[in-house]
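Reading the structure
Read off the chains here:
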Amino acid sequence: MAIIINLDVMLAKRKMKSKELAEIIGITTANISILKSGKAKAIRFSTLESICKALECQPADILEYSESE
């Protein structure tokens, strides 16, 4: 996939666990896992906004485009 998800990197930078993020933004840890693995087909803007708010980051810190993938 040409879109790379760097959610695990941001979680590590913020010293936050997936379970904690899931509780803060109100989604399941399974959905966080799907996002982290890159297997998600889509993400709602409201979910992306909640993640960015919780991690104090920008969408570009989480999503990256790469032609080589």
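Calculation rules
- Residues numbered from 1 in each chain as written.
- Predicted model: local features only at pLDDT ≥ 70, side-chain atom pairs only at ≥ 80, totals over all residues.
- Heavy atoms only, no water.
- Axes fitted to C-alpha atoms, helices over the stretch in contact; angles between N-to-C directions.
- Helix = DSSP H or I, 4+ residues; strand = E, 2+ residues; numbered from the N terminus.
- Left-handed = near helix turned anticlockwise from the far one by under 90°.
- Contact = heavy atoms within 4.5 Å.
- Nonpolar A, V, L, I, M, F, W, Y, C, P; charged D, E, K, R; others polar.
- Buried < 20%, exposed > 50% of the residue type's maximum accessible area, 1.4 Å probe, protein only.
- Disulfide = S-S within 2.5 Å.
- Arc of directions from axis to C-beta.
- Polar contact = N/O pair within 3.5 Å; in protein donor to acceptor, adjacent residues only side chain to side chain.
- Core = buried A, V, L, I, M, F, W, Y, C linked by side-chain atoms within 4.5 Å.

**Quick word on the packing of helix α2 (residues 18–25) against helix α3 (residues 29–37)**
The geometry of α2 relative to α3 is characterised by a closest axis approach of 9 Å and an angle of 115 degrees between their N-to-C directions. For the element pair α2 and α3, the recorded crossing hand is right-handed. Counted together, S18, K19, L21, A22 and I25 of α2 and T29, I32 and K36 of α3 form the full contact between these two elements. Split by residue class, the contact of α2 with α3 holds four nonpolar, two polar and two charged.

**Let's talk about the side chain of N6**
Along the polypeptide, N6 turns up in the loop between β1 (3–5) and α1 (7–13). Given a relative accessible area of 16%, N6 falls into the buried group. Setting aside anything within four residues of it in sequence, one finds N6 in contact with D61, I62 and E64.

**Section: the state of the cysteines**
The tally for this structure, following the rule as stated, stands at zero disulfides. A disulfide-free cysteine, C52 has its sulfur positioned 4.2 Å from the sulfur of C57, the nearest such atom. We classify C57 as buried; its relative accessible area is 9%.

**A few points about helix α4 (residues 45–55)**
Three or more residues of α4 are buried, namely T47, L48, I51, C52 and L55. All buried residues of α4 project into a common sector of 135 degrees when viewed along the axis, lining one side. In this structure, α4 carries F45, E49 and K53 as exposed residues pointing more than 90 degrees from its buried face. Where the residues of α4 are buried, they touch α1, α2, α3, α5 (59–62) and β2 (63–65).

**Concerning the side chain of S18**
Mapped onto the elements of the fold, S18 is located in helix α2. Within the local environment of S18, its side chain forms a polar contact with the side chain of K36, the two groups lying 2.9 Å apart. Each residue touching S18, except ones within four places of it in the same chain, is listed here: L11, T29, I32 and K36.

**Here's the deal with the nonpolar core**
With 17 residues, the main nonpolar core has L7, L21, I51, L55 and I62 as its most contacted residues. Every element with two or more residues in this core is listed here: α1, α2, α3 and α4. Broken down by element, the residue count for this core peaks at four residues, all from α4. With sequence-adjacent residues up to four places away left out, L55 is seen in contact with L7, M10, L11, R14, M16 and L21.

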